[in-house]
Each structure stands twice: as structure tokens, then as C-alpha cells.
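Descriptive analysis of the structure
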Amino acid sequence: MIHVVEPRHKSSALRALAILWATAAQLDKKEDPAVRRAREVNPGRFTYISRNPFLQLSMTRLTPMHDPNLSPTDQVDGVDVWRNTVLREIADWQQIGNVYAKPHTSTARPAIVLLHGGGWSGGSPDQYQPLAVELAQRFDVVVLCPNYRLVDRAKFPTQIQDAANAIRWLRAHAGRWLIDPQRIGVCGSSAGAYLAAMVALTHQNPLLAGGDAINGESAAVQALVVRWGPIDFIDRWYGNGGRAGPEEGMLGANYLQDPTIYHHASALSHVTAQAPPALFLQGREDRMVHQQQGELGHAAWQRHGCSSELILLNRIGHVEVDPADFKREIAAVIAFFAKQLKLKPR
């Protein structure tokens, strides 16, 4: 039996909490190794979930960052949602995200970041809710769908850095969500796919995804999914007949005005032997991001000896989607993450 006496002084309160914490630790002799990694990587932010049903504690030390709400804001098909969780604040802009998860188990679990499309000028984290819910329903996984600054507010490489900081935020809160920091994946569609690829490839480059870091955490990922995303802006310029695409708004110039930035901003320019396993999905009928973009990405990964898969779908354009092929495409995304991140079925 555990007796908790309300202390008269703050120091006594801290001692009482420390005793309660130590007691809980004694009741849980077998700590999962992945949980231990999450706790050691994130000292002071670890959330303790006791195996003992009579002593389930959730203690998260306050940090200068905005902690997510302790209780979900709503629920979608049995999945808890922490909507509009603040990841960071800059002047008059907030980076927010929707977190999807089911109740904790005693085993640390993977996390996946889903980045929305919209030509870097529009879109919303809500676009990815169906996939986020399906992932959280079927597997013990945490899914984060964040926003990022659009071109009306900031130019390249801000969007990449915002995407990277969403991953850093997840790692900083690995204890809160019981996440294994060694099993994090990222997926994006169209403009979001480009950001996902750039984060995966340049998270250590201070001029790209490695810049403007909100904390000391890594933005590295262990799995990448590119859904019809532009990989090579130079090839895209010539493939469009010398016409600018939405990337002109992000880069602030067309290719003829500034070929250097088009090379620097292309994900294809940054592929190395350290690239994470990747899945490229491309529609044969896509007239906005031609299938060659996926083929170029897959070939670059293969050339550097990295794990890569390419799936070309016959009846998928950029916005026009055949239901059967779309179902196949989503199944491929889920299967890839299940394999690379070792997702545990519910």
C-alpha cells in the first residue's frame, strides 16, 4: 500500500513526488529497452507509464517549449487527436500540428510525420487525417501532421526547416508520447514530398534542413516516402518546356534567372550513401510532377547503394485519382512503413 501525505512545503512536495516515482520504478523491474532509450535521449522529458495497473503515472517535467495538452481535443474513429498542438512560435506565426495516437502501451513505438501538399502556397495538415487515422488504428504508432510557413510568409529554405523542426519536436517529446527516437519516418505528397526528401537528405546541412533548429535534437529519419514529389527542379524546368512551376514562388526566381538556387534546392543534388530507405510513388498520368521525377529519385538512391522502391501507378494523375489505384498506393505506403519502422499491429 502506498500512502501519500499532502506536504506543507514545496520542498516536501518534491520529496513526496520523488518517493512516489521511485516506488513506481521498483514496481516495474523490466523496463523495455526502447523505452529506456527514449528516456535516456530525452532526460527530464520522459513520461513514465507503469506496468502496474494500480500505479499508472504520467509525469512530464515542464520545459520552455510548449507541451502538448495532456488530454486529447477530440477523437476520430477511436483514435485520440491532439489538434492544433503548438510546436513553436515565431513573431506572429505558430507552427502547429495534429497528433494522432491510441493509448500508450509499455513498449516505445515509432512515429511518422506527414507533410501536406499545396504547391508551398496552400494546403493544410488536415489533408492527411485519413491516412493518420488509419495508421494509428492499425499500428501502435504516433502520427504528427504539422503545418509549415507558406510562400506568402517566407521563402526557401524556411519550409524545409519548419518540416525538420516538426521532427525535432517529436524527438524532444519522445517521452511524452512514448516514442522510440530511432524509428521515425516522414512522408509527404507533392510539395510536402519535396520537403520530406530534403529533410531526409539535408538534416545536417546548416544552410538547409539543419538550419534554424528549435532544439538540439536530430531531424534524421529512418524511412522516407515520396508521393509524386519534385526531386529535380532543373529537369522539371526543361520537362515543362522551359516554364516555371510553383517552385518559382518558393525559390523567388525561375531557372534562367538563378540556375544556382535551382541546383542547390533540388533534392537530387544531396543524395549520398547515407540516404534513408525510400519509397517513390508516381502516377503515370501526372501532368504536374512527371513520372520521371520518381524515376530520377529511385535511380539516385540505387546509384549510391541505398535502399529504394519505385511504384508507378497507371491511373493516377496529380489530382485525378482512380479509387482502385489510390487504394493500392495507400497500401504500399503502409506496408513500407510497417517494414522499415517495424510497426506493431494492434
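What this report covers is the structure whose coordinates are included nearby. (Residues numbered from 1 in each chain as written. Predicted model: local features only at pLDDT ≥ 70, side-chain atom pairs only at ≥ 80, totals over all residues. Heavy atoms only, no water.)

1. Description of the overall build of the protein chain
Short version of the rule: Starting at the N terminus, helices and strands are each numbered in turn, a helix being any DSSP run of H or I of at least four residues and a strand any DSSP run of E of at least two. For every residue, the accessible area (1.4 Å probe, protein chains only) is compared with the maximum for its type, and the residue is labelled buried under 20%, exposed over 50%, or partly exposed between those bounds. Throughout, a contact is declared for two residues whenever any of their heavy atoms are within 4.5 Å. In these tables, accessible area is a Shrake-Rupley quantity obtained with a 1.4 Å probe, and a residue counts as shielded only by the protein chains included in the view.
Helix and strand content of the protein chain: eleven helices and nine strands. Classification of the 346 residues of the protein chain by burial places 54% in the buried group. Long-range pairs, those at least 24 residues apart, make up 71% of the contacts in the protein chain between residues at least 6 apart in sequence. As presented, the protein chain carries roughly 15,600 Å² of accessible surface, and 53% of it is formed by carbon and sulfur atoms.

2. Some words on the sheet that holds strand β8 (residues 278–283)
The test is simple: Strand pairing follows a simple DSSP-based rule, namely that at least 2 bridges must link the two strands. A fitted line through C-alpha atoms represents every axis, and for helices the fit uses only the stretch in contact; the resulting angles, taken between N-to-C directions, go from 0 to 180 degrees.
What the nine strands build is an open sheet, ordered β1-β2-β3-β5-β4-β6-β7-β8-β9; its pairing is mixed. The strands lining the two open edges of the sheet, one partner per strand, are β1 (74–76) and β9 (308–313). Shown here is a sheet whose adjacent strand axes are inclined to one another by a mean of 25°, direction ignored. In this sheet, β9 lies alongside β8 in parallel orientation, the contact comprising six bridges. Across the sheet, residue L281 finds its bridge partner in β9, namely I311. Of the strands in this sheet, β1, β2 (79–90), β3 (93–101), β4 (109–115) and β5 (142–146) are in contact with helix α3 (residues 129–138), which crosses β3 at around 40°.

3. Notes on the layout of surface pockets
Stated formally: Points on a 1 Å grid, built from protein atoms alone, make a cavity when a 1.4 Å probe fits but cannot get out and make a pocket when they are open with protein on both sides within 12 Å along at least 5 of 7 lines; residues with an atom within 4 Å of a point are the lining residues. Grid points are joined across faces, edges and corners, and a volume is the space filled by probe spheres set on the points. In this count, Pro and Cys sit with the nonpolar residues alongside Ala, Val, Leu, Ile, Met, Phe, Trp and Tyr, while Asp, Glu, Lys and Arg are called charged and the others, Gly among them, polar.
Size it by volume and the largest pocket reaches roughly 430 Å³. Taken together, 22 residues line the largest pocket, and the ones lying closest to its centre are G117, Q127, S189, R227 and W228. When contributions to the lining of the largest pocket are tallied by element, the ones reaching two or more residues are α3 and α11 (323–340). When residues in the lining of the largest pocket are grouped by element, the largest group, three residues, is from α3. Among the residues forming the lining of the largest pocket, the class breakdown is twelve nonpolar, seven polar and three charged.

4. Quick notes on the pairing of β2
In terms of strand pairing, β1 meets β2 through three bridges, oriented antiparallel. Looking at the pairing, Q75 lines up with D80 of β2. In textbook terms, the turn of a hairpin is the stretch between consecutive antiparallel strands, and for β1 and β2 this stretch comprises two residues, one of which, D77, has a positive phi near 50°. Alignment of β2 against β3, held across eight bridges, turns out to be antiparallel.

5. A few points about the nonpolar core
Put simply, the test is: To qualify as a nonpolar core, a set must consist of buried Ala, Val, Leu, Ile, Met, Phe, Trp, Tyr and Cys residues joined through side-chain atoms within 4.5 Å.
Core analysis: the largest hydrophobic core is formed by 59 residues, its most contacted members being W120, F156, Y194, L224 and W301. Of all hydrophobic cores here, the second largest spans 33 residues; its members include V79, Y100, L114 and V333.

6. Things to note about the side chain of R183
Defined as follows: Contacts described as polar in this section are N or O atom pairs within 3.5 Å, which, within protein, must combine one atom able to donate a hydrogen with one able to accept it, while residues neighboring in sequence count only if both atoms come from side chains.
Considering the arrangement of structural elements, one finds R183 in strand β6 (residues 179–189). Among the polar contacts listed, one links the side chain of R183 to the backbone oxygen of A108, at a separation of 3.0 Å. A polar atom in the side chain of R183 sits 3.1 Å from the backbone oxygen of L341. The contact partners of R183, leaving out residues within four places of it in the chain, are A108, R109, P110, A111, Q222, L341 and K342.

7. Looking at the packing of α3 against α11
Stated formally: Note on terminology: angles under 35 degrees are roughly parallel, angles over 145 are roughly antiparallel, angles of 65 to 115 are roughly perpendicular, and the others are oblique. By convention the crossing between two helices is left-handed if the near helix lies anticlockwise of the far one by an angle smaller than a right angle, and right-handed if it lies clockwise.
Axis separation between α3 and α11 bottoms out at 12 Å; the angle between their running directions is 50°. Taken together, the axes of α3 and α11 are oblique relative to one another. Between α3 and α11 lies a crossing whose hand is right-handed. From α3, L131, E134, L135 and R138 reach across to α11, where they touch I330, V333 and I334. Considering only residue class, the contact of α3 with α11 consists of five nonpolar, no polar and two charged.

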